[in-house]
Amino acid sequence: MMIKETSLRRDPDLRGELAFLARGCDFVLPSRFKKRLKSFQQTQIQNKPEKKPGTPLPPPAPFPSSPRPPSPVPHVNNVVSAALSINIPRFYFPEGLPDACSNHEQTLSRIEAAFMDIEDQKADVYEMGKIAKACGCPLYWKAPMFRAAGGERTGFVSAQSFITMWRKLLSNHHDDASKFICLLAKPSCSSLEQDDFIPLLQDVVDTHPGLTFLKDAPEFHSRYITTVIQRIFYTVNRSWSGKITATEIRKSNFLQTLALLEEEEDINQITDYFSYEHFYVIYCKFWELDSDHDLYISQADLSRYNDQASSNRIIERIFSGAVTRGKTVQKEGRMSYADFVWFLISEEDKRNPTSIEYWFRCMDVDGDGVLSMYELEYFYEEQCERMEAMGIEPLPFHDLLCQMLDLVKPASDGKITLRDLKRCRMAHIFYDTFFNLEKYLDHEQRDPFAVQKDVENDSPEPSDWDRFAAEEYETLVAEESAQAQFQEGFEDYETEEPPSPSEIVNKGNKIVTSSLSEKCGKLQSVDEE
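Figured I'd write up the structure that's included with this text. (Residues numbered from 1 in each chain as written. Predicted model: local features only at pLDDT ≥ 70, side-chain atom pairs only at ≥ 80, totals over all residues. Heavy atoms only, no water.)

So, the packing of aromatic side chains
Two numbers describe a pair of aromatic rings. These are the distance of the centres and the angle of the planes. Considering all chains together, one arrives at 32 aromatic pairs under this definition. Note on Phe115 and Phe162: the rings are 5.9 Å apart at their centroids and 50° apart in plane angle, and the pair reads as tilted. Residue Phe115 is located in helix α5 (residues 104-116), and its partner Phe162 is located in helix α9 (residues 159-172); the two are separated by 47 residues in the primary sequence. Using a relative accessible area of 0% as the deciding quantity, one classes Phe115 as buried. Residue Phe162 is classed as buried on the basis of its relative accessible area, which comes to 0%. Each ring, one from Phe286 and one from Tyr337, has its centre 5.1 Å from the other, and the planes form 75°; the classification is edge-to-face. Residue Phe286 is found in helix α15 (residues 276-289), and its partner Tyr337 is found in helix α19 (residues 337-348); the two are separated by 51 residues along the sequence. (Phe/Tyr/Trp six-rings, centres within 6.5 Å; stacked < 30°, edge-to-face > 60°. Helix = DSSP H or I, 4+ residues; strand = E, 2+ residues; numbered from the N terminus. Buried < 20%, exposed > 50% of the residue type's maximum accessible area, 1.4 Å probe, protein only.)

So this is what it looks like as structure tokens:
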């Protein structure tokens, strides 16, 4: 395309456009210049004023002495983006979405009326239950409220101090999760650590009707509280950070479960977090492995769990620090009771999302975020050795690998990611294949159509952990009952009338409490030494 010199002189904008296009270049491609020229001419036509009759043509522009800078591009896009940024409403509320319809003054009036019914308008931790209900909160928020208002220092909370604290909380925190974090966390902290839950759970132990039998055995209150705290972090702390945020509280069912404690007198019906039966099962399993009863178990102790069902290589990975906190496990080779809670739940419920992450961390030997074929072969080698020792011919690794890839269906060939295992819903079979021989053999003997039916069944059912804990609790209570009856000389069988169900439950609680009291008493003596 040829452009006459006169056209460049008459149209300085076109000359400036050409100079802008050629800036920093030795030459300009014709195709590129044609596109730029066409768009420029269209812009000129759109911006050209409409000619009226009798209007003389504008005189030609004089030729400038120096080249003019390129005409600026219209700032239409900038204006539009600026207008959009102004009109975008706020969408992130870390402290909860404010409710314009909420009447805080009415709530504060109810709180004042509740304090009027208390002597001297000073509430202790037990009377704080009335204040919690006046605030519209669950009953077992009373201990965090008591501490947040300074009751721990003086032994009581006055109406003025509580209303001042609650007014400030209402102005800065707008949903239950944010309020709960503010009440329970340390000053100037926006997340919860493990020891922050101790006052709350101690209040549950002291006041819940389902745990009244524990008042006579205070020596193992700390064991129950430790178990509940670990179960809370196991389920709620999805980031594995050791600190629970308000976002994680909102995504979990913890606050709803905490509210159920007020309505359900039988704490064993609340299988999430607080079940005493679940605590009893976990503690007894730990007691069986802790041969010297020093509150720690070694690698050899853990390998004895479930008749050495887990492979030595996976136990070595657990003790390597892949899934444990602190340096005690790595330096001294000992696992604490808190870490054992995580192991037991992960071992008995491999469908749980935290369990899937737990075992993935253990199998990811090189820590690259994927399970490579050499890592799978590393764990399967020990399974083959154990099967050969039992007289069972193992499946060749190549054939087994084909089965596992068909089972998981990874997105990338030769690499199994955490996302793949969660998506396939068969992670429990995958993990048992590589490091739990007993469960692997059970899966091999099971009907494959029954396995597929379990995967397709979306109806709510008890988890693998709930089923395991219920079965183990019945077994443990039966063993304790038989031992107690043997020691008493079978005196209970001489009664003419059979005992009522309530008597059986009470008797079972007494047996369980006495058994735990004996065990915790020994552990307490070890602590004192």
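A few points about unusual backbone geometry
Despite not being glycine, Ser188 has its phi angle at roughly 60°, a positive value. On the secondary structure map, Ser188 appears in the loop between α10 (176-184) and α11 (198-207). In this structure, Asp307 is a non-glycine residue whose phi angle is positive, near 55°. Turning to its location among the elements, Asp307 is positioned in the loop between α16 (299-303) and α17 (312-322).

A short note on the side chain of Asp364
In this fold, Asp364 is placed in the loop between α20 (353-363) and β5 (370-371). One buried charged residue, Asp364, forms no salt bridge at all, with the nearest opposite charge on Arg317 at 6.7 Å. Sequence-distant contacts of Asp364, defined by excluding residues within four places in its chain, comprise Arg317, Gly369, Val370, Leu371 and Glu375. (Lys, Arg positive; Asp, Glu negative; His and termini not counted. Salt bridge = Lys/Arg side-chain N within 4 Å of Asp/Glu carboxyl O. Contact = heavy atoms within 4.5 Å.)

Re the packing of helix α22 (residues 397-408) against helix α24 (residues 427-435)
Orientation of α22 relative to α24, taken along the N-to-C sense of each, is 160°, at an axis distance of 10 Å. Between α22 and α24, the interaxial angle falls into the category roughly antiparallel. Between α22 and α24 the crossing geometry is left-handed. Within the contact between the two elements, α22 uses Leu400, Met404, Leu407 and Val408 and α24 uses Ile429, Phe430, Thr433 and Phe434. In terms of residue class, the contact of α22 with α24 is made up of seven nonpolar, one polar and no charged. (Axes fitted to C-alpha atoms, helices over the stretch in contact; angles between N-to-C directions. Parallel < 35°, antiparallel > 145°, perpendicular 65-115°, else oblique. Left-handed = near helix turned anticlockwise from the far one by under 90°. Nonpolar A, V, L, I, M, F, W, Y, C, P; charged D, E, K, R; others polar.)

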